[in-house]
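As a plain string of letters, each chain reads:
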Amino acid sequence: MLSNRNLSILALAALAALMVGQWFIWAYAPIEETMGLVQKIFYIHMPLAWWALVSFFVVFCASIRHLMTRGSGSDILAGAAAEIGVLFSGLALVSGSVWGRAAWNVWWTWDPRLTTTLIMWFVYAGYLVLRGSSAGGGMGGERRAMVCAVLGVVAFLDVPLVFYSARIWRSVHPAVLASQGGGMEPEMWHAVLVNLLAFGLLWLTLLVLRVGVGRAEERARALLLQGREG
Amino acid sequence: MMNGYLVAANIAVWFSLAAYGTWLVLRGRALERRLKQLEMLRERDN
């Protein structure tokens, strides 16, 4: 996918962007009047949630591609994106929960946005369990990839629900993009955008790394099979 | 106390991301070594 040199450049760019993002959070963006410092969780919570949704969109596209072409590349890409999506959405849930404890005085509430996100997390965590289950000799590689691809398409049904839940239903979760400016000052928006970009670079770096690992795993499996048959 | 929440959220996020990134790099290197061994074995057998 990328040479080691290009991957190193991408990783360094991501690291530099994340550091710039931290400067925007702590030095540039003003402290919010009502919530104070704890509002700064938002600058990492939102990019994590956004890139998790992008991950699941990649799973959806790669799964459709796999169903059409049966290529192993799209299966590996779907698995890599799902793993990163589960990590990012899990961290968005955790950081949101900590923010909720400070803002609403509860760690969790069965709000539409939170509930649909939790369901999404469990569905994709199940998808990863299904992918891993074949390693023990359950479903064969090709059959497992097909079943995962179908699940990768069906699971995506929850993603638009997560995105629009705060607007469709009465939700206590702030719908920042739905309202004009989201009640934030321009400097706060700058910090959001810079961190969105920085987490995007981190997401891309992790995805490229994970796809590389997936390809190496597949190659090792093929060589082991050849050895056994030979 | 408010700052405690902020620190907790940041630790959870950055520690998890760093751990995942490190695991990917180490797993990639281990697989590279394994692939070299397997390639050598295949060449020897042929």
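Per chain, residues are indexed from 1 in the order of the written sequence. Written order determines the labels here, with chains lettered from A and ligands numbered from 1. Owing to the predicted nature of the model, reporting of local features is limited to residues with pLDDT of at least 70; listing and counting of side-chain atom pairs is limited to 80 or more, with chain, interface and lining totals taken over all residues.

**Student:** Mind laying out the overall build of chain A, listing which residues take part and the relevant values?
**Tutor:** A run of H or I in DSSP becomes a helix once it reaches four residues, and a run of E becomes a strand once it reaches two; helices and strands are each numbered from the N terminus. Across its full length, chain A holds 7 helices and 0 strands. If you list the helices and strands of chain A from N to C, you get α-α-α-α-α-α-α. Its C-alpha atoms give chain A principal-axis dimensions of about 70 × 40 × 25 Å. For the exposure call, what matters is how many other C-beta atoms sit within 10 Å of a residue's own: 20 or more marks it buried, 12 or fewer exposed, and in between partly exposed, using C-beta atoms placed from the backbone. Counting every position in chain A, which comprises 230 residues, the buried fraction comes to 39%.

**Student:** Now, about the overall build of chain B: what can you tell me, with residues and values included?
**Tutor:** On a plain count of helices and strands, chain B comes out with 1 helix and 0 strands. Principal axes of the C-alpha set define a box for chain B whose edges measure 65 × 5 × 5 Å. The burial tally for chain B puts 9% of its 46 residues in the buried class.

**Student:** Mind laying out helix H6 (residues 158-168) of chain A, listing which residues take part and the relevant values?
**Tutor:** Residues and elements named next belong to chain A. Regarding H6, the residues found buried are Val159, Val162, Ser165 and Ala166. Buried residues of H6, viewed axially, fall in a sector of 115°; they line one side. For H6, the elements touching its buried residues are helix H2 (42-69) and helix H4 (112-133). Relevant arc is that of directions from the helix axis to the C-beta atoms, nothing else. C-beta atoms are first placed from the backbone for all residues, and any pair lying within 7 Å is then listed as a contact.

**Student:** Let's hear about the nonpolar core: which residues, and what values?
**Tutor:** Residue and element names in this part refer to chain A. By convention in this section, buried Ala, Val, Leu, Ile, Met, Phe, Trp, Tyr and Cys residues joined through C-beta atoms within 7 Å make up a nonpolar core. Grouped together as the largest cluster of nonpolar side chains are 64 residues, with contacts concentrated most on Leu48 and Ala81. Here this core takes 16 residues from helix H3 (residues 72-103), the largest share from any one element. Each residue touching Ala81, except ones within four places of it in the same chain, is listed here: Ser55, Val58, Val59, Ala62 and Leu207.

**Student:** Break down the confidence of the model for chain B for me, with residues and values.
**Tutor:** Any segment with low pLDDT has predicted coordinates that should not be analysed in fine detail. For chain B, the average pLDDT comes to 90, and 96% of its residues sit at 70 or higher. Two summary scores accompany this predicted model of the complex, namely pTM at 0.92 and ipTM at 0.91. pLDDT is a residue-level measure of predictor confidence that goes from 0 to 100.

**Student:** Tell me about the packing of H2(A) against helix H7 (residues 186-229) of chain A, residues and numbers included.
**Tutor:** When two helices pack together, their arrangement is captured by the angle between the axes and the distance separating the axes. Residues and elements named next belong to chain A. Taken N-terminus to C-terminus, the directions of H2 and H7 make an angle of 45°; their axes are 9 Å apart at the nearest point. The orientation of H2 with respect to H7, classified from their angle, is oblique. Seen from above, H2 lies across H7 with right-handed handedness. Contacts between H2 and H7 involve Tyr43, Ile44, Met46, Pro47, Leu48, Trp50 and Trp51 from the first element and Ala191, Val192, Asn195, Leu196, Phe199, Gly200 and Trp203 from the second. To obtain an axis, a line is fitted to C-alpha atoms, over the contacting stretch when the element is a helix, and the angle between two such axes runs from 0 to 180 degrees between their N-to-C directions. Oblique is the label for any angle not covered by the other classes, which are roughly parallel (under 35 degrees), roughly antiparallel (over 145) and roughly perpendicular (65 to 115). The crossing is said to be left-handed when, going from far helix to near helix, the turn is anticlockwise and less than a right angle, and right-handed when the turn is clockwise.

**Student:** Account for the environment of Gly183(A), with residues named and values stated.
**Tutor:** Considering the arrangement of structural elements, one finds Gly183(A) in the loop between H6 and H7. Each C-alpha atom, one on Gly183(A) and one on Cys148(A), is 41 Å from the other, the two residues being 35 residues apart in sequence.

**Student:** So what about the packing of H3(A) against H7(A)? Which residues, and what values?
**Tutor:** Residues and elements named next belong to chain A. The contact between H3 and H7 brings their axes to 9 Å, and the two run at 130°. Here H3 lies oblique to H7, going by the angle between them. Every pair of crossing elements has a handedness; the one defined by H3 and H7 is right-handed. For the pair H3 and H7, contact is made by Ser72, Ile76, Leu77, Gly79, Ala80, Ala81, Glu83 and Ile84 and by Trp203, Leu206, Leu207, Arg210, Val211, Gly214, Arg215 and Glu218, respectively. Residues are grouped as follows: Ala, Val, Leu, Ile, Met, Phe, Trp, Tyr, Cys and Pro are nonpolar; Asp, Glu, Lys and Arg are charged; every other residue, Gly included, is polar. Its residues placed into classes, the contact of H3 with H7 shows 9 nonpolar, 3 polar and 4 charged.

**Student:** Explain the confidence of the model for chain A to me, and be specific about the residues and the numbers.
**Tutor:** Looking at chain A as a whole, the pLDDT averages 90, with 93% of positions reaching at least 70. When pLDDT is averaged over each helix and strand of chain A, the minimum, 84, is found for H6(A) and the maximum, 96, for H2(A).

**Student:** Residue-level account of the environment of Ala16(A), with values.
**Tutor:** Examined against the element boundaries, Ala16(A) turns out to sit in helix H1 (residues 4-28). Separated by 185 residues in the primary sequence, Ala16(A) and Leu201(A) place their C-alpha atoms 9.8 Å from one another.

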